[in-house]
Each structure stands twice: as C-alpha cells, then as structure tokens.
Amino acid sequence: MNSINVVPLFVIIPLFSAFFISIVGKFVKRNAVYALSVIPCILLSFFSFNALRLLQSAPGHMLLYKIGGWAPPFGICMAVDAFGVFMLVVVNLVALFICIYSTGYMEKYTDMPKFFTLFFLMLTGMNGLIVTGDLFNLFVFLEIASVASYALVAFGTEAEELEAAFKYAIMGSVASCFIFLGIAFLYGFTSTLNMADMARVLATSHSVFIIPFVSALFIMGFGLKAALVPFHAWLPDAHPSAPASISAMLSGVLIKTLGVYALARIFFNVLGITATHLAVFRFLGAISLVIGVVLALSQWDLKRLLAYHSISQIGYVVLGIGIGTPLGIFGGLFHLLNHSVFKSLLFLNSGAIDYSVGTRDLKHMSGLKEKMPITAGTNMIASMSIAGIPPFNGFFSKLIIIFACVQAGYFGYCLIAIVGSILTLASFMKVQRYAFLGELRQACQNVKEAPFVMKFSMIALAVICVLGGFLLLPSLRPFINNAVDVLIEGAKYSAIILGETAK
Amino acid sequence: MMIYLLCLILFCIGLYGVLRKRNIVKIIVGLGIIEYSMNLFFVLLGYRTHGRSPIEARTENVLNMVDPLPQAVVLTSIVISLAVTALVISIAIRIYEYYGTFDITKIKRLKG
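Each value, and the rule that gives it
- Residues numbered from 1 in each chain as written.
- Chains lettered and ligands numbered in written order.
- Predicted model: local features only at pLDDT ≥ 70, side-chain atom pairs only at ≥ 80, totals over all residues.
- Heavy atoms only, no water.
- Helix = DSSP H or I, 4+ residues; strand = E, 2+ residues; numbered from the N terminus.
- Rg over C-alpha atoms; globule rule 2.2 N^0.38 Å.
- Buried < 20%, exposed > 50% of the residue type's maximum accessible area, 1.4 Å probe, protein only.
- Contact = heavy atoms within 4.5 Å.
- Areas by Shrake-Rupley, 256 points an atom, 1.4 Å probe, with all protein chains shown as cover.
- Salt bridge = Lys/Arg side-chain N within 4 Å of Asp/Glu carboxyl O.
- Axes fitted to C-alpha atoms, helices over the stretch in contact; angles between N-to-C directions.
- Parallel < 35°, antiparallel > 145°, perpendicular 65-115°, else oblique.
- Left-handed = near helix turned anticlockwise from the far one by under 90°.
- Nonpolar A, V, L, I, M, F, W, Y, C, P; charged D, E, K, R; others polar.
- UniProt positions renumbered as here; feature names shortened; annotations may be inferred.
- 1 Å grid on protein atoms, 1.4 Å probe; cavity = no way out; pocket = protein on both sides within 12 Å on 5 of 7 lines; lining within 4 Å.
- Points joined across faces, edges and corners; volume = space filled by probe spheres on them.
- Bend = angle between axes of the 7 residues up to and from the residue.

A look at the overall build of chain A
For step 1, the next point in the chain: Looking only at helices and strands, chain A features 20 helices and two strands.
For step 2, the next point in the chain: Its C-alpha atoms give chain A a radius of gyration of 22 Å, within 12% of the compact-globule value 23 Å for 503 residues.
For step 3, the next point in the chain: Overall, the C-alpha framework of chain A stretches about 70 × 60 × 45 Å when taken along its three principal axes.
For step 4, the next point in the chain: Burial analysis of chain A (503 residues in total) assigns 65% to the buried set.
For step 5, the next point in the chain: For chain A, restricting intrachain contacts to residue pairs at least 6 apart in sequence, the fraction spanning at least 24 positions comes to 81%.
For step 6, the next point in the chain: Of the roughly 16800 Å² of accessible surface on chain A, 70% is carried by carbon and sulfur atoms.

Quick word on the pattern of salt bridges
All names here are of chain A.
For step 1, the next point in the chain: If you walk through the whole model with that rule in mind, you get 10 salt bridges over all chains.
For step 2, the next point in the chain: A salt bridge links Asp 111 to Lys 114, with the shortest nitrogen-to-oxygen separation between them at 3.1 Å.
For step 3, the next point in the chain: According to the relative accessible area criterion, Lys 114 is partly exposed, its value standing at 48%.
For step 4, the next point in the chain: Within this structure, Lys 167, Asp 237 and Arg 304 form a network of salt bridges that share partners.

Notes on the packing of helix H8 (residues 210-226) of chain A against helix H11 (residues 275-297) of chain A
Residues and elements named next belong to chain A.
For step 1, the next point in the chain: Following both chains from N to C, one finds H8 and H11 inclined at 20°, their axes separated by 12 Å at the closest point. Judged by the angle between their axes, H8 and H11 are roughly parallel. Remark: the crossing between H8 and H11 carries right-handed chirality. Only His 277, Val 280, Phe 281 and Leu 284 of H11 make contact with H8, whose side of the interface consists of Ile 211, Ser 215 and Ile 219.
For step 2, the next point in the chain: For the contact of H8 with H11, the class distribution of residues is five nonpolar, two polar and no charged.

A few points about the UniProt feature "transmembrane region" (unreviewed entry) in chain B
Residue and element names in this part refer to chain B.
For step 1, the next point in the chain: What UniProt calls "transmembrane region" (unreviewed entry) maps, in this numbering, to residues 27-47 and 68-93.
For step 2, the next point in the chain: Structurally, residues 27-47 is divided into 90% helix and 0% strand, and its ends, taken at the C-alpha atoms, are 32 Å apart.
For step 3, the next point in the chain: Between the C-alpha atoms that bound residues 68-93 the distance is 38 Å, and the span itself is 96% helix and 0% strand.

What to know about the packing of helix H15 (residues 373-387) of chain A against helix H18 (residues 452-467) of chain A
Residue and element names in this part refer to chain A.
For step 1, the next point in the chain: H18 packs onto H15 with a crossing angle of 30° between their chain directions and a minimal axis gap of 10 Å. As the angle between them shows, H15 and H18 are arranged roughly parallel. At the point where H15 passes H18, the crossing takes the left-handed sense. Touching Ile 374, Thr 375, Thr 378, Ile 381 and Ser 385 of H15 are Lys 455, Met 458, Ile 459, Ala 462, Cys 465 and Val 466, all from H18.

So, empty space enclosed by the protein
With a probe scaled to a water molecule rolled over the atoms, the places where space remains empty come into view.
For step 1, the next point in the chain: This structure, assessed with the given rule, holds two cavities of 30 Å³ or more.
For step 2, the next point in the chain: Lining the largest cavity are Phe 139, Glu 143, Ser 176, Cys 177 and Phe 180 of chain A together with Glu 35, Met 38, Asn 39, Ser 77, Ile 80 and Ser 81 of chain B.
For step 3, the next point in the chain: Elements with a minimum of two residues in the lining of the largest cavity: helix H5 (135-153) and helix H6 (159-190) of chain A together with helix H2 (24-45) and helix H3 (69-99) of chain B.
For step 4, the next point in the chain: Here the lining of the largest cavity is built from residues that sort into five nonpolar, four polar and two charged.
For step 5, the next point in the chain: Along the walls of the second largest cavity sit Val 260, Leu 263, Ala 264, Phe 281, Val 318 and Ile 321 of chain A, which together make up its complete lining.
For step 6, the next point in the chain: Counting only elements with at least two residues in the lining of the second largest cavity, the list comes to helix H10 (244-271) and helix H12 (302-323) of chain A.
For step 7, the next point in the chain: Its residues placed into classes, the lining of the second largest cavity shows six nonpolar, no polar and no charged.

Thoughts on H10 of chain A
For step 1, the next point in the chain: The sharpest bend along H10 of chain A comes to roughly 45°, located at Lys 256 of chain A.
For step 2, the next point in the chain: Most of H10 of chain A sits inside the fold, with 28 of its 28 residues counted as buried.

Take a look at the structure:
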C-alpha cells in the first residue's frame, strides 16, 4: 500500500468515473450505471479513511504528492494534512450515501448517466480543492465544482429551475472573478502560486496594503460561495430547485468545501490570520445565523425552509471559527461535520416526501407519519439534531460554540447563538407539526414509503446523527483536534511542506 | 500605470453591465467583459521592468524577458470562462423558451 500514493486518487477516481459513465452509460442497463456510480463512491470513502490512518505515521502529519516529481515551489504539489483529511472524510462519506440515495430517487428523471457525470465532476472539484497545495489549482477545482453545480441546479429544466440556475451561475461567476483577482494580486506581490511558498514570502514581507485588499476580495468571493448573509441571495433559489439528492450535496458539503474550507485554509495557513479577520468572520457568522433563521420561519416550501437554515447553520460554523480560540474552532469544525450530516438527511427526507406525495408545500401534507414511518422517524432525529436537543450531535457542537463564546468573553454573540437555536427549534416544530403529525389527508391515503435504497441512506445518516456525539470521547477526539491544530498553528503548514520537499 | 487603470475601467463596465442591465444577454456580455479584464490584468502582471528570466538563469543577464507563468494560467482561465459562458447562454435560451422574454424583471416566479 505504501508504494501507491493515496493523495492523487481523490481526484483521479471521480474524474475518471465521470467521463467513463458518460461514455458507456448509453450502452449499458440502468443497474450497471448504478453500480458504476456507487463503486467509485465506496472506493473514495475507503481511501479517505485510509488517508486518515496513513496520516498518523506520515512525517510531519502531512501526505504529500509532487506532480511530475517537481519539488515545490517550482512544481505543483498536493498536500493533505489533518484539516484536509477531516474534510475528505466528511465529503466522501456524505457523497456515498447521497449516491446510493440517488439510484432510487433519480428514477423519475430521464438521463441518468449525465446526472452521475455531473455529480462526479462536482465531487472531483471538491476533493481536488481539498487536496491541492497550489492556489491556482484551487481556483480551477473551485470552478469545476461550481460549473457542475450550476448545471445540476438546472437539471430538471423547468422554468423555475432555469431561473435559479441562471441567477446562481451569474453570481457565482462574479464571485469567482473576485477570487481570481485576489490570486492575481497575490501572485504579483509574491511571484509564486504555491500556497506554502506564498505563506513564507508573505510572512517575511512588510506591505501594509496587500493583505487587507486581498482579504476583502477573498471574503467577498468565498463568502458568496459559502452563502454568508450579505452574499446569500442565490442560495434560497438554487438549493430548492435542484433534485433533492443534489440539494443535499449542495447544502451538505458544497458550500462548506468551497466556502468555509477554502476561507479557513487561505486565511489561517496562507495570509496569516489577524484579529480584524476574526472580527469580520464573527460578525458575518452572527448576522447569517440570525437573518437565515428569521427568514426560514415564514417559509412554507419545505426545501426552501431547509435552504434558509443552511445559511443560518453556516453562520454557526463561521462564528465558531471566528472566535479563534482552540475551543471555538473545534466547535466550528464539529458543527461543520454535524451540519453536513443532518442537513443532507433533511434534504433526503424532503426528497422522499416529494417522491411519494409529489409536493413540497407544507400546507398540502399532513399526517405522513402513518404512511412513511421511516422518513418521519429519521426526519425527527435530524430535526432534533439541527435544533440542538440532547443527546444528538447538533446539541454538542452548538454547546461548544456557546461555551467558546463565553470563554472568550463575547457575551453578545453567545446570546445570538442561543436565540438562533431557539428559533431553529420553533421552525422545525412547524415542519413536524404540518408534515408528519396531525390528521392524514384524503389525498395522501395511497402514499407509499420510499424505495429501499432511499430508506437505507436515510437510516445510515440518522445513525451517524445519533452517534455523532461520541466523537467527543477522548479516543476519537483527535480526528477533529488535529484539524484544529492545523488552523491554530497556521504558519507550520508552509514550514512542513517546504521542509518535507526540500529533503 | 495607465494600462492598469484601463483594466479597472473595463472591469467596472462589466460590473455595470451585470448589475444594471435588464436584458439577460447583456448581463452575460457584462460577465464576459469582467472575465476579459481579469485575464488582461493577469497577463499584464507578467511584465516586470528589470525582470530576470525565471529559475535556471540566475547569473545571466537576459533582457526582454516576460514571465511565462501568467500566460499559462490565463489560458486555463479563458477555458473556464468559455465553459461558464456556454452553460449560461444555453440556460438563457431555455429561459427564453419558457418565459418568452429576456427581461430579467419579468423572469421572477421564485420569491420569498
């Protein structure tokens, strides 16, 4: 196993399967397409856990791959550290369950191979963005993931979906332009595109203007990809319009990888975090948290309600990271993991309801608990997780974020986090009340439970929701703690990469 | 210095097009102008007065050298913008089939 470097496989496997499926998809049966798409996802999950294991013994806790054998800063390198492997596990695990779910859910859509092609292209973009150690490669992978997601939002090609996709594509492209401009300025200043080398040059330089200017461009660009509040306008349209499995992918992992991961990686490990950056993160996080949940309260479309909650929950993650203490970042990353699990689950539930009942409007569904017990049960677990009710995973991460606020002395933000949590609970009680409890409607008498593959994914994610709290046990805690250390000791990132490759 | 200012002006024209125009084709053109100005700016960064050739010729005094890396990077970036533009235009065509108009103020079935 040691002879094969595991790092480039995270890009190769999904990229290969994307085009392989699109070529052979026309000539084989549907079940073969399902198998061809589920197998790469299983492989990716296996390799991400394998990378987690390899990381323990790797020198400097960093898995490196030099493309073409050229040592950085001259060549392009791929680097996976504890933060990267944390994201890889989250992304690939969620993608596996969503892929299994899609094999059942996508039956009503016509062109299966094209769907999986786009799905795997999006996965390529996300995995590539996580493993890359080169700033321009980061931009390329970001665009691969973004373009695939624009196309997936428009996949149903109905009027509303096209409108949402157009809005998303224009805003996303302008955001990408800002990111590209930021990279151009950094390249002009440092004459390198390697992230480690760039961090080294920036640490020794004494320019007053370049860092704040580039920071503003990156916060705008990645903030839009993460849907933080002043830049959130595309999300409530785009996420509900996609097919449910893609909504789960977009809300569950895409906004976190493209937004939060890229933001944290660049600010903590490349630019060098300052108190001003942290204050901006905290502020953006707090207003996203409040505005997202307040707007969610008045929604009647189930998926739109969930989309507004994504904005609110991303606010928690960014607030946690913005506190800047080890405990705060721990809470932020833990909430990132938890949110990707329970938000995917909630979107899969909404997809199951859409599949069986044929509506997303809360006013038109009632008493589904009788007919769809598994959807109702898993939805109850996910709702309680997102609302922060013990003993589910969402409770622990919110509690840690609130503790970190108190510990760092930000009592205002602590209050905001608590109020946001209460409002979240209120809005999910509304979902439970209207969708699952109450009288069964006449029109819903013939509703059947979703097919087996869909139930399987929902149950698996629900089990992770219930067991998520165990990650706080001392024996499992290094999984997140090591990722936190990477961010806290930001400057070590470049020292390790440049030191390892110089040998 | 002048040429960088022109780059900025081009960028602002593109941004104006995206933000203020009502016709979605004009919005796409605005997006294209923004992307061109970005690429132009990055290519311009390759020109350094008193520059030296990259990496291998530290001791030699090579004149008239342009940094080749931005050109390679911009080529990739142009391909990406092509993909985005093609996708957005095809979405715009389908929108016209459904709504019968390119006017962004009349295309608003989504709200809330």
